[in-house]
Amino acid sequence: MTAMDMARKNRRKLWLKLHLYLGLFAGAIFVIIGLTGSLLAFELPLDEWLNSNLMTVSVKTGHESYQPIDKIVVSGISALPSIGKAISLDFPRHDGLAFALWFEQPSPNASYLERHQIFINPYTAEVTGQRLLIDFERIWRDPFKDFILRLHYSLGLAKAGMNIVGFIGLGLLFSVLTGLILWWPTPGKLRNALTIKKNSSIERLNFDLHKTFGFYSVIVLLFLILSGVYLIFPEYGRRLINVFSPVSQPWPIFLSVIPNHNKEPIRFSQVMAVTDTQCPDGEYRRIDFPQNEQDVYLVHKRELDDPNQKHSYRRLWIDQYSGKIVHVQDRNTQSVGDILVKWLYPLHTGEAFGVTGQVIILISGLVPLSLYVTGVIRWYQKSQRNKPAR
């Protein structure tokens with residue numbers, strides 16, 4: 001064996017060890033992240049199905065009209081507990097859904113705030129119910145969908161868990177890359193590396209399943225890992241993107257001008273009238289309440305071709321007293337960096353390509369489980385083979 005062959009063999013042993021230990025430890029977490037990601041591909045329909053008594057409303061003819069928005073807001077505000085503070089109003093995404101008024105209140109026996117929702121029938125302005133949605137420190141109190149969401153990006157361990165998931169994501173990135181290095185075939189053997197050998201032994205079949213699953217899913221896995229790490233550490237991701245193209249601040253602060261007299265904020269109907277004049281097209285997703293006397297209304301009105309189905313890139317900051325538009329963020333203000341950031345989340349969830357994209361994400365979430373199972377079996381088979389005979 002030549003010195004070059006020996007060096008190549010030693011490098012392969014190193015890659016094998018890295019791939020093995022990263023796969024065994026980080027891969028186990030990746031299975032949880034993948035399975036919860038599969039469920040979250042259809043999180044909104046799942047949430048509506050599980051909580052239909054709260055979130056869905058009857059539409060008898062399909063031609064009913066919404067009650068005035070101010071009446072809906074007053075109905076939700078009147079249902080607030082004495083310790084609750086209104087945050088925002090979510091608009092229905094389709095005719096059979098209720099409005100959802102978000103509010104915060106102190107968590108029992110804790111020093112942080114939890115978030116709740118009050119649901120309001122848009123056709124009658126009646127409150128249909130209320131639920132706790134987010135207790136970031138105690139996820140077992142959350143509804144099923146949000147329990148799964150918290151597991152997905154923090155393992156249910158709050159901020160510390162987010163950091164763990166982020167660093168595990170970086171480890172998984174190396175695991176996938178080392179797997180690709182180990183898969184890379186020698187000249188003339190590409191076809192064998194891309195197929196499962198027929199009539200092979202159980203051990204060979206397991207090996208072929210591991211390497212082919214890994215290869216055919218590598219592009220999707222690398223993107224999901226990279227975009228997931230970005231979503232965990234967005235401030236670092238924005239800095240990196242900003243090197244190539246400027247990226248807007250995600251939550252810039254704008255203030256209302258406090259008048260000397262009549263400090264009564266304008267109504268939601270006036271906010272929407274101002275918004276519709278500036279942006280007549282699109283769909284309302286949310287309006288954030290001013291949180292103090294200097295704050296503004298923040299309107300989220302999604303452009304119809306926005307890749308993000310749940311949230312809106314287009315936002316308007318509106319003075320709570322005068323109704324003047326303080327700032328607009330839309331396609332006319334976005335940079336190349338902003339476009340990249342805007343696409344990352346809907347690509348990560350699959351919603352950028354509708355049901356097809358969501359099905360791809362659902363299937364992709366099962367890949368870590370198949371890779372982990374076949375990888376552990378492969379490791380066990382090799383360890384048994386290397387045991388000294390008794």
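Worth saying up front: this structure is predicted, and the values here are computed from it rather than measured. (Residues numbered from 1 in each chain as written. Predicted model: local features only at pLDDT ≥ 70, side-chain atom pairs only at ≥ 80, totals over all residues. Heavy atoms only, no water.)

Caption draft 1: Broad picture of the packing of helix α8 (residues 202–216) against helix α14 (residues 367–385). One can describe the packing of α8 onto α14 by two numbers: an axis separation of 9 Å at closest approach and a directional angle of 140°. In this view, α8 runs oblique relative to α14, as classed from their interaxial angle. For the pair α8 and α14, the crossing hand works out as left-handed. In this structure, α8 contributes Ile202, Glu203, Asn206, Phe207, Leu209, His210, Phe213 and Gly214 to the contact, and α14 contributes Ser370, Leu371, Thr374, Gly375, Ile377, Arg378, Gln381 and Arg385. (Axes fitted to C-alpha atoms, helices over the stretch in contact; angles between N-to-C directions. Helix = DSSP H or I, 4+ residues; strand = E, 2+ residues; numbered from the N terminus. Parallel < 35°, antiparallel > 145°, perpendicular 65-115°, else oblique. Left-handed = near helix turned anticlockwise from the far one by under 90°. Contact = heavy atoms within 4.5 Å.)

Caption draft 2: Region of the structure containing the packing of aromatic side chains. In the structure shown here, the tally under the stated rule is 12 aromatic pairs. With 5.2 Å between their ring centres and 25° between their planes, Phe91 and Tyr284 make a pair best called stacked. Separated by 193 residues along the polypeptide, Phe91 in the loop between β1 (85–90) and β2 (99–106) and Tyr284 in strand β5 (residues 283–288) bring together distant segments of the chain. Each member of the pair, Phe91 as well as Tyr284, is classed as buried. Ring geometry for Phe215 and Tyr216: centres 5.4 Å apart, planes at 70°, overall edge-to-face. Across the ring face of Trp251, the terminal group of Arg315 is positioned such that the distance to the ring centre comes to 4.4 Å. (Phe/Tyr/Trp six-rings, centres within 6.5 Å; stacked < 30°, edge-to-face > 60°. Buried < 20%, exposed > 50% of the residue type's maximum accessible area, 1.4 Å probe, protein only. Lys NZ or Arg CZ within 6 Å of the ring centre and 35° of its normal.)

Caption draft 3: Structural detail: the sheet that holds strand β7 (residues 315–319). In spatial order, the strands read β4-β3-β2-β1-β5-β6-β7-β8; together these eight strands make up an open sheet with antiparallel pairing. Each edge of the sheet is formed by a strand with only one pairing partner; in this case those strands are β4 (127–134) and β8 (325–329). Sheet twist, expressed as the mean angle between neighbouring strand axes with direction ignored, is 20°. Pairing of strand β6 (residues 296–302) with β7, which is carried by five bridges, proceeds in the antiparallel orientation. Bridging from a neighbouring strand, His300 pairs with Arg315 of β7. (Pairing = 2+ DSSP bridges.)

Caption draft 4: Just the layout of surface pockets, in detail. Taken as a whole, the second largest pocket holds about 1600 Å³ of empty space. The element that contributes the greatest number of residues to the lining of the second largest pocket is helix α1 (residues 3–40), accounting for 14 residues. Here the lining of the second largest pocket is composed, by residue class, of 24 nonpolar, 12 polar and 12 charged. (1 Å grid on protein atoms, 1.4 Å probe; cavity = no way out; pocket = protein on both sides within 12 Å on 5 of 7 lines; lining within 4 Å. Points joined across faces, edges and corners; volume = space filled by probe spheres on them. Nonpolar A, V, L, I, M, F, W, Y, C, P; charged D, E, K, R; others polar.)

Caption draft 5: Quick look at the environment of Tyr284. Of the residues examined, Tyr284 reaches a relative accessible area of 12% and is grouped as buried. Separated by 194 residues in the primary sequence, Tyr284 and Asp90 place their C-alpha atoms 8.3 Å from one another. Within the structure, Tyr284 has its side chain in polar contact with the backbone oxygen of Met272 (distance 3.1 Å). (Polar contact = N/O pair within 3.5 Å; in protein donor to acceptor, adjacent residues only side chain to side chain.)

Caption draft 6: Up close: the packing of helix α6 (residues 158–183) against helix α9 (residues 218–232). Interaxial distance between α6 and α9 falls to 9 Å at its minimum, and their mutual angle equals 155°. The pairing of α6 with α9 is recorded here as roughly antiparallel in orientation. As for how α6 packs across α9, the hand of that crossing is left-handed. Between α6 and α9, the residues in contact are Met162, Val165, Gly166, Gly169, Leu170, Leu172, Leu173, Val176 and Leu177 and Val218, Leu222, Ile225, Leu226, Val229 and Ile232, respectively. Looking at the contact of α6 with α9 residue by residue, the classes come out as 13 nonpolar, two polar and no charged.

Caption draft 7: Spatial organisation of the nonpolar core. The biggest cluster of nonpolar side chains holds 26 residues, and the ones touching the most others in it are Ile69, Leu89, Phe91, Leu101, Phe268 and Ile287. Among the secondary structure elements, those contributing two or more residues to this core are α4 (69–78), β1, β2, β3 (113–120), α11 (268–278), β5, β6 and β7. If sequence neighbours within four positions are ignored, Phe268 has contacts with Ile69, Asp70, Val73, Leu89, Ile287, Phe289 and Tyr297. Counting residues in hydrophobic clusters, the runner-up holds 19 residues, among them Ala26, Ile33, Val229 and Phe233. (Core = buried A, V, L, I, M, F, W, Y, C linked by side-chain atoms within 4.5 Å.)

Caption draft 8: Expanded view of the environment of Thr56. Tracing the backbone shows Thr56 in the loop between α3 (52–55) and α4. For the pair formed by Thr56 and Ile253, sequence separation is 197 residues and the distance between their alpha carbons is 34 Å. Not counting the four nearest positions on each side in its chain, Thr56 is found in contact with Glu48, Asn51, Gly96 and Leu97. Of the polar contacts made by the side chain of Thr56, one reaches the backbone oxygen of Ser52; its length is 2.5 Å.

Caption draft 9: The side chain of Ser175, seen in detail. Checked against the element boundaries, Ser175 lands in helix α6. When sequence neighbours within four positions are dropped, the list of residues in contact with Ser175 reads His19, Leu22 and Gly23.

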